Structures are given as structure tokens and as C-alpha cells.
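Chain residues, written in single-letter form:
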Amino acid sequence: MTQRGFDPKAVAGKHPAPEQSVEVLVIGAGPAGTGAAIAAAKGGATVLLVDENPVDAGLIGLDTPLYWGGRYTGAVQTKARMVEQVFAANPRLEEAFEAGAEISLGVYCWGAWVGGEGLASLPGPVAGLADDERAWMVGFERLVVATGARDVAFAFQGWDQPGVMGARALCALVQTYDAFAGRRLAILGSGDLALETALFALGRRLEVAALIEVEDASRGSQALIGEVAAAGVPILTGHAPVLALGGLDGVEGLGVRALESGAQRVIACDTVVQAIAVTPVVELLDVLGARLAMQPTLGGHAPVSPDGTATSLAQVSLAGDVAGVASVPRDAVAYQQAWMRVLIATSDAGVILCQCEAVTREALLAVRQPAYLGEPSAGMAARDLGRLLEDGPANPDQIKRLTRAGMGPCQGRRCREQVALTLACATNESAERVPLAGYRAPVRPLPLKVLAAWDEAAEMSGQWDVWFGIPGQWTPYADIGTEREALHQGVLGGDMHL
Amino acid sequence: MSGPTTSGASVIVVGGGVTGLSAAWWLARAGVDVLVLDKRVIGWEASGRNGGGASHYQSPLFHEEQRLWPLMDELLGYSTEYRRERVIFATTDHHVDHYRQMARMCRDLGYRVDDLDPWQVRDFAPLAGDTVTGGIHLRFGGQANPQRTVQAYAWALQDLGGRIGQHTRATRIVTAGGKVTGVETPRGAFACDHLVIAAGPQSEALLAPVGVRLPLAAARAEMIVTEPAPLMPVGGVDGNGLYGRQTLRGNLAYGGGPHEWMAVDAAGPSARPSTPLLRNLARRVAELLPGAAHLRVIRSWAGVVENTPDGRPVIDRLADPANLTVATMSSVGFGLSPATGHAIADLVLEGRCTFADIDKLSIARFKDIPADWREQKGWVATTHGEAIAAMGR
């Protein structure tokens, strides 16, 4: 029988027990998450219900977690007031509180783990939480992911100005934050999402100038189309947005083009709401290692679930839109691709796809190296997507490494789907076949000083080494097998810099 | 243009990481018909997930590493984002002494290293704070972008007529009459005159059936990256228990700290999770560079790397089968890769490394290693509970 050794430099045993442990941790306090928390609390479990709203103004500026689009009032700067506002906007939070659930608003969940290959060292299922000051870990027995859905963004000329935003973000800014700064909207899309967005806006006394649809007919249900028409809002089918006109305060109008005649006109508006598609917020599930798959009827890459609740991980379940967005059409991804095809045909190739890294569509398709590397070499200039595909199918993670699209601070929220759609269009593939660009913790871009483990365990500090801490690894080659070898290891040991 | 990957080659390299790709590129430079087979996408494992450092004074390939890096962009014809030099600095007196020892060792090898006082450190690393206790400035070495470098090797190889078969996992080495005749893959068999195995953690399982014992233990190591900061005069700035660099884009990418041993089978790792260790890394980056403490961490990642029992590479052309060359860099492979490829190509073509003595990196040193060496060292997957129990002993 082998005497099992112990590597003091390995990570096992170095993570402290979590700061708090609950039986049920719910991430996301929308209707589904709040409902799950109430049910669990009434069932006698200790419950922590976490919601990141109100998010820090800096994250709103980064279009995280929703596509906020810069159309918000200064109120978002006042977090304490915003916490009250968010609490008041969801009456069921009171009920959850009464039922005994602990509620944390303005708290991000930036990662979660339940073990699995390469994760034997964790002290049990654990989630990483943070506010704007510090981060901490919470243990759980069961995790309910109720992170909802987010807007899918589409690039056209001028889309990077304040005032171009997503439908979910509009709802959140109006309803949850009471901090929407726009008045008159143009809405992209004509499916139920767009129609419902229009009716929502009208109900909040906002003006809706028009809905714009690249396809030849409205997509949504007849009832909703009737309601929107009755409100006097035109649906411009067979039209594409070609230019968001803007000034100092962002959007002032939207230029649209009739696809058949080529006639162009400008719609006066201060906000362009992209209501073409939403997709489940699966980033936490990807970090957890839950099985995800492209499921167009659920809005894109969504968790694999037999019943809309269970995941491939025993400790993790789903609630609400993260399991799949009920109202999306069966061909949601094909519809997105139809939009992308038209936008590629009607916009300049120099349009920026990745705002953070300023990657244009042209650069993406040329697999062009980033501008900071200067002029490409002759070999580089001769490389493009077509040649890359000779070596294997399009992989967004590989394209990302080469072009930097999706590598910026917004963590690809504005361009992840667009890059996949663009690759699909360029290769005459279905976007359903393009793999998901992977997510990594932290799934919220939080500052070093906030994430930092200022209170790390003594076991961690005491054994920390730059690399594996194998003393012989750094012995100068000439000294190997000489008496200097022991001397060297004695003086320098590990902690050598590679 | 990459040719068809449906037929064999004079030399087949199993493993499209930096080591295998560099070896193939060197072989193609010598006019050899070469085919690289990778189980997935080139550079997808540790080769594309590391710190990018290129200053490996411990290695017999060090001089060649230093000679080649400044030439690589030109030789390959593609950017590697290589930046020269390195500043390592400390925030404790203990670390300053340690770094000065390293400096002496490098000077002994004939390379210039300057000692830096805290003021000089801050000139090189304006994001450093008043906690600096001192540092060293390596007037050699440097760092490159691993992902771009992997692709540069691959493209340069293709430009020379070499071929790369992605999504083509070698499942078996085929031998006949005491020689390797090819490899089997799910896409069929590929014949070759010489085989190079540079398959990282998977190499052990691939070699065992032909009677070659290459003892390896696989582990996961992690890094984090921040949003961009203003460019510092030297990109290779690290210390405080971290390795890493500022990318040319300005992002700070750092790793270090404890690893997690994990079992990896012949198919390779099925997951490469990064973990809450990112908090410990974030802390050390914020301590090293207080001027960057407000920067957002935008990603983390993990790579799975292998180590030999003594932590040193194996680069060896075997006696039996004589047309088989094996290479593992024992978790320190990226920076040395320009030189490693050269050495491997030499072994294949000349039977020996022409520019350095690498005899001590032969596989023979492990012939008597006990079967349970991993368990004896504790280099196996260990749970939190097992570790707590072991530390309590």
C-alpha cells in the first residue's frame, strides 16, 4: 500500500470555508427568481436571494449586464436611492422577505462552482458574490439560476452612440430603475418582443415613432400587431436601419432605407431600441459547467434541461427566462441571421462590431490583426477567414484570439452573438452551427481591488509560489547532477520566475 | 496554402502546441514533408493559455531562446507580439534578496541584469506604488502573446508547405519490425518515417503501448486578465509571487499560485475550469501594481500542463524505436519553444542537438521510477477534505 504523499504547493486545502452558507441560493430577483426564493423559504429552507440591480453606474456604462445604451438619467449614480427604487419596483420582494428569505440587492454573482473535473479542491459548492466594495464566497446546497435573458445587439452605422439600446434594458430602466432618459423611440424588429416593447413604451407615455423590420411582413402575433396599429404606430417592413444620426447627447434620428426601392428617410427619435432578439443569460451556467446547447426555440445557447428546471448539474436548477425565452419564435436564430444578412448588405464593412476593441466587420472577416500591431506582414495580409476555415470550422474563440473581437471590458455582451451571426453569414452556414464563445469568471467585470481576497487563508499565503514549487525545476542546467544542485535549491528553492 | 491532410508524411508531429508546431516549422524549414496532428484546435491547451514569458535561464536551450526571440516575427512572417526585457520587482525585503540571487545567476550565464532601487522600478512600472522594495531589470528575455505565437507558427509552417490536421486525435502509434510506421486516428491511419510526440499530458498514454515510459502528472494552473491600462515602458513586469505581463493592448495578464493536480486520460482534459483563485491573483496584482487596483478583471482562464517527476523537460530521440522522438517541457514550454523546435528538428534530422548539450533531458533518467510515483508525491487529484486531513497530520 502506497503511503499517499501530499503536495503542499497544490491548491487543495487552501480555499477557506465560505463566509456564509445557505441551503438555497437564488441568483436573480426577477419574477421567477423571487418566486423560487419565496417557495424555498416557505418550505423551511435558509434562502439567500441575490440580485445585481441596481448595478453600479460604471457597469451600466459598459452595457453590463444589459444593453443599456447610455440612455439613462443621473439617478443611476445614486446607489442608495436606487436600492430603494429597485426594492419598491418588485412588490414580491416584500413577500420573500416576509417568508424569511435574506435579500441582497446590488450584489453581483461573478462565478459559481459545484465541483467536477479539475475542481476537487473546492470546499463544496460555492458562489462568488460582490458588491461595489468587496467580494466574498457563499456556500450553498442548491443554486437556482434565475438570471433571465439579455438583448442581442446588432451593428449598423452609428450604433455605438448613446441612445441605441436593447429592449430588456429599456424595460429595466423604465420599470426597475425609473431612470430612462429618452422620449421618442424607434424600435427595431416586428416580432412579439418588438410589439410588446412598443406597447410597454406607449403605456409609459413614451412616443414610438415606428417599428422597423427587414423582412417583408410583420413577424408578431396578429393581436399585438393590431394593438400597435391601433395606437397609430407604423411598422416599416422591408426596411433596414442604415444610420443612427447623432449629436453631443447621442441619437437624434434614425436613417432607414426601403430595401426594394432604396428610398431613404430619417425618423426623428432620441432612442433606437433593438428588439430583434433576446437570449438566455447563460454565463454563470457556463462557468458552472452546466451543459448548454444551441436551442433556437429557446432563444439561442440555452441550458440543456429535460423539464425547464433541472440542469445537467444536480445542485443547480433554473427559473424563468434563463431556461429559454417563451415568446421567441421557433426560428429565432434564423430570424437573427436574416437581420444580420440585411445589415451586412446595407452597411459599410467598416462598421464596428466590437465596440470595446474597435473591431470592424471587415477586420473580423479578414481575421486582421489589431491596429496596435501596426501594418500587417505580407503573410498576415494574405490571411483571411476563408483561409482559416480551410483548417477547420469557424470557432468564435479562435477568431477572438486573433482579432480581439469580444475581448474587451464588456466581455462580449454587445458582440458575442453578432460575431457568430457574421461568421455564419460569411460562410453560408446556419448561425445555429457556430459554437458558443466560452464564458469565464468573473462574469461581471469587477475591479481588482473588489475581487481581491484581502482576507485569504494562511495556508494560501504561506505556500504561495510563482509556479509549481518543484525546486529542481529551476536548477541551472549545468548544475544538474553536480554538488551545486543542492546548494542551488537551498538558496533559491522554488518561487522562481518563469 | 495548407495541403490535404488525408495522407501521411515524412515526419508526423502529434500535438499542435507550441513545442510540436515549432518542431514542425523547423523541419519544414529544412525541406522536410511534415504533418501536425492535433486532437482539436492548435494551441487550445496550455500553449495558448500561459504567461508568455521568454527568459528561462535554467534551460540548456536558454541561449538559443535568447538568440531566436528577437528574430521570430521576421522568421515566422507573423507577429508574435514579442517585447524585449523584463522587470521583476518586490514588495517585501525577502523577495528583493531572492530576485537579486536570480540576477547573479543570470550574470553568471553572461547576461546583463541591473539591480533597481524603488525609484527606478517605478520609472519602468508607473503603476507600481510606494510599497516597492526593489527589483531587477533583465536586459534580455521578454514576453510574447501565446495565442498569436501559436497561430504564427502554424501559418509559417503552412507557408513552407507543412500541413496541419486539426480535430484529428492520434489514438495509437503503429509499429512494425521495431520501427514506428505511422499513427492511427479516427480519420484513418497516417504513415510516416519518423514520429514526434509532443502531445502534452496525453503523451504518456500514447507512448505506453509501444513500451515507452514517460511519467507525467497533469495539473491545472490559472491566470486573470484586466481591462487595458496605459502602456508601461516594459511589458514584462512581474513579481510578488506572480508571473505575467502587460499586453501590447495594455491588459494586465497575471498568473501564479497553487495548481490543481488532475487525472487526464488519453483524450486530454475535458474541462479547464478557472476558480475562485482569481481572488488571490487579483489581490497580488493589486498589491504589485496599486495604480491598477481600480482596473476591472474581465476574464480568467486555466491551462492544463504536465510535469515530469523532477520538473524538467524530456527532449529525446529514443533508441528503440529509433525513429521516435519525444518532447515534454514539463510545464515550462512556451518561451523556450523557438529553441525546443530547433532541438527536436535536430534530433530528427541529425540524431543529436547541434547547438546545445541536452543529454540530461533524456527519458532514461525515469526508467526506475516506481509505478506509484504520483501518489507518493501527492501529485494526484486531492479533495479539500483530504488536504485538510493531510495538513493536520
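Residues numbered from 1 in each chain as written. Chains lettered and ligands numbered in written order. Predicted model: local features only at pLDDT ≥ 70, side-chain atom pairs only at ≥ 80, totals over all residues. Heavy atoms only, no water.

The partner chain B presents 115 residues to the 99 residues of chain A that form the contact. Carbon and sulfur atoms make up 57% of the surface buried where chain A meets chain B, a total of about 9400 Å² over both sides. Linking chain A to chain B there are six salt bridges. Among the salt bridges present, the one from Arg249(B) reaches Glu357(A), with a minimum N-O distance of 2.6 Å. Applying the counting criterion to the chain A and chain B interface returns 63 residue pairs in polar contact (both at pLDDT 80 or more). Of all the elements, helix 17 (residues 484-492) of chain A adds the most residues to the side of chain A that touches chain B, at five residues. Partitioned by chemical class, the residues of the side of chain A that touches chain B number 51 nonpolar, 25 polar and 23 charged. Summarising the sheet, strand 22 (residues 446-447) of chain A and strand 15 (residues 296-307) of chain B pair through two bridges and their orientation is antiparallel. (Contact = heavy atoms within 4.5 Å. Buried area = accessible area lost by both parts, 1.4 Å probe. Salt bridge = Lys/Arg side-chain N within 4 Å of Asp/Glu carboxyl O. Polar contact = N/O pair within 3.5 Å; in protein donor to acceptor, adjacent residues only side chain to side chain. Helix = DSSP H or I, 4+ residues; strand = E, 2+ residues; numbered from the N terminus. Nonpolar A, V, L, I, M, F, W, Y, C, P; charged D, E, K, R; others polar. Pairing = 2+ DSSP bridges.)

It is worth spelling out the nonpolar core at this point. The tendency in soluble globular proteins is for nonpolar side chains to be buried side by side. Among the nonpolar cores identified, the biggest contains 116 residues, and Phe89(B) and Leu289(B) are the most heavily contacted of them. In this structure, Ala155(A), Ala240(A), Leu364(A) and Ala345(B) belong to the second largest nonpolar core, which totals 107 residues. (Core = buried A, V, L, I, M, F, W, Y, C linked by side-chain atoms within 4.5 Å. Buried < 20%, exposed > 50% of the residue type's maximum accessible area, 1.4 Å probe, protein only.)

Attention now goes to the packing of aromatic side chains. One pair of aromatic rings is described through two measures. These are the centre distance and the angle between the planes. Going through the model one piece at a time under the given rule, you end up with 17 aromatic pairs over all chains. Consider the rings of Phe62(B) and Tyr111(B), whose centres lie 4.6 Å apart with planes at 55°: the pair is tilted. Highlighted residues: Phe62(B) in helix 2 (residues 62-76) and Tyr111(B) in the loop between helix 3 (93-108) and strand 4 (113-116), separated in sequence by 49 residues. The burial state of Phe62(B) is the same as that of Tyr111(B); both residues are buried. Ring plane angle 15° and centroid distance 5.4 Å describe the contact between Trp69(B) and Tyr82(B), whose orientation is recorded as stacked. Linking Trp69(B) in helix 2 with Tyr82(B) in the loop between helix 2 and strand 3 (83-90), this pair joins segments that are 13 residues apart in sequence. By the burial criterion, Trp69(B) is buried, and Tyr82(B) matches it. By the ring-pair criterion, three or more aromatic residues cluster together here, those being Trp467(A), Phe468(A), Tyr243(B), Trp261(B), Trp373(B) and Trp379(B). The ring of Trp379(B) carries the charged tip of Lys377(B) above its face, separated from the ring centre by 4.6 Å. (Phe/Tyr/Trp six-rings, centres within 6.5 Å; stacked < 30°, edge-to-face > 60°. Lys NZ or Arg CZ within 6 Å of the ring centre and 35° of its normal.)

Which parts of space are left empty comes out when a probe the size of a water molecule is rolled across the atoms. Residues and elements named next belong to chain A. Counted as a void, the second largest pocket has a volume near 1200 Å³. Lining of the second largest pocket is provided by 47 residues; of these, Gly30, Pro31, Asn53, Arg168 and Thr176 occupy positions nearest its centre. Considering every element that reaches the lining of the second largest pocket, the biggest residue donor is helix 5 (residues 167-176), with six residues. The residue inventory of the lining of the second largest pocket, partitioned by class, reads 26 nonpolar, twelve polar and nine charged. (1 Å grid on protein atoms, 1.4 Å probe; cavity = no way out; pocket = protein on both sides within 12 Å on 5 of 7 lines; lining within 4 Å. Points joined across faces, edges and corners; volume = space filled by probe spheres on them.)

It is worth spelling out empty space enclosed by the protein at this point. A complete count under the given rule lists nine cavities of 30 Å³ or more for this structure. Each pocket or cavity is described by its volume, and for the largest cavity that value is around 190 Å³. Along the walls of the largest cavity sit 20 residues, with Met294(A), Gly300(A), His301(A), Glu417(A) and Ala420(A) positioned nearest its centre. Looking at the lining of the largest cavity, the elements that each hand over two or more residues are strand 16 (278-280), strand 18 (300-303), helix 9 (332-346) and helix 14 (416-426) of chain A. Its residues placed into classes, the lining of the largest cavity shows twelve nonpolar, five polar and three charged. Looking at the second largest cavity, its volume works out to about 110 Å³. Lining the second largest cavity are 15 residues, with Gln473(A), Gln58(B), Ser59(B), Arg312(B) and Pro313(B) positioned closest to its centre. Split by residue class, the lining of the second largest cavity holds eight nonpolar, six polar and one charged.

Residue and element names in this part refer to chain A. Pairing in this open sheet of three strands is antiparallel, and the strands run 12-13-14 from one edge to the other. The sheet is open, and its two borders are formed by strand 12 (239-247) and strand 14 (264-268), each paired with just one other strand. Each strand of the sheet is rotated relative to its neighbour by a mean of 30°, with strand direction disregarded. Inspection of the sheet shows strand 13 (residues 250-258) paired to strand 14 by five bridges, in the antiparallel sense. (Axes fitted to C-alpha atoms, helices over the stretch in contact; angles between N-to-C directions.)

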